Amino acid sequence: QVQLVESGGGLVQAGGSLRLSCAASGSTFSIIYMGWYRQAPGKQRELVADITRGGSTNYGDSVKGRFTISRDNAKNTVYLQMNSLKPEDTAVYYCNFNLRTGTMRPVDVYWGRGTQVTVSS
């Protein structure tokens, strides 16, 4: 069984910064992909940023230049540094891991429960 635990959300003023963390525990044999997604009220869940095992990163257009994703493979943790936050960044942020729990296991997808980020104007 794999669990993802997010932390670091909260309330911040526009222009401020937050750092989100998501740590995986359990049978994390091989983590292939890590990503952050967000969902604002009345909107679809969207990609914020993702990072592969090799370190290649990808960002949503609305966060490019402001957010940075990173990972610590030894800690099975992914981070999202969010700078210059805007009110439109307000959403629930979810981490997503694609991983294998064993050598011959298929790649499974896991989601965290989400952490609220609120940016006031």
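Notes on the structure follow.

Here is what the cut-offs are and how they apply
- Residues numbered from 1 in each chain as written.
- Predicted model: local features only at pLDDT ≥ 70, side-chain atom pairs only at ≥ 80, totals over all residues.
- Heavy atoms only, no water.
- Pairing = 2+ DSSP bridges.
- Helix = DSSP H or I, 4+ residues; strand = E, 2+ residues; numbered from the N terminus.
- Axes fitted to C-alpha atoms, helices over the stretch in contact; angles between N-to-C directions.
- Salt bridge = Lys/Arg side-chain N within 4 Å of Asp/Glu carboxyl O.

1. With respect to the sheet that holds strand β3 (residues 18-26)
Thinking step 1. The four strands are arranged β1-β3-β8-β7 in an open sheet whose pairing can be described as antiparallel. In this open sheet, the two edge strands, each paired with only one partner strand, are β1 (2-7) and β7 (67-72). This sheet shows a mean twist of 15° between the axes of neighbouring strands, independent of strand direction.
Thinking step 2. Where β3 meets strand β8 (residues 77-82), six bridges bridge the pair, whose relative direction is antiparallel. Bridge pairing in β8 links Leu20 to Leu80.

2. Looking at the pattern of salt bridges
Thinking step 1. Taken as a whole and judged by the stated rule, the model has four salt bridges.
Thinking step 2. Arg38 serves as the salt-bridge partner of Glu46, at 2.7 Å between the closest nitrogen and oxygen.
Thinking step 3. Close ionic contact of Asp61 with Lys64 constitutes a salt bridge, the shortest N to O distance being 3.1 Å.
Thinking step 4. Salt bridges sharing common partners tie together Arg38, Glu46, Arg66 and Asp89.

These figures capture arrangement, not role.
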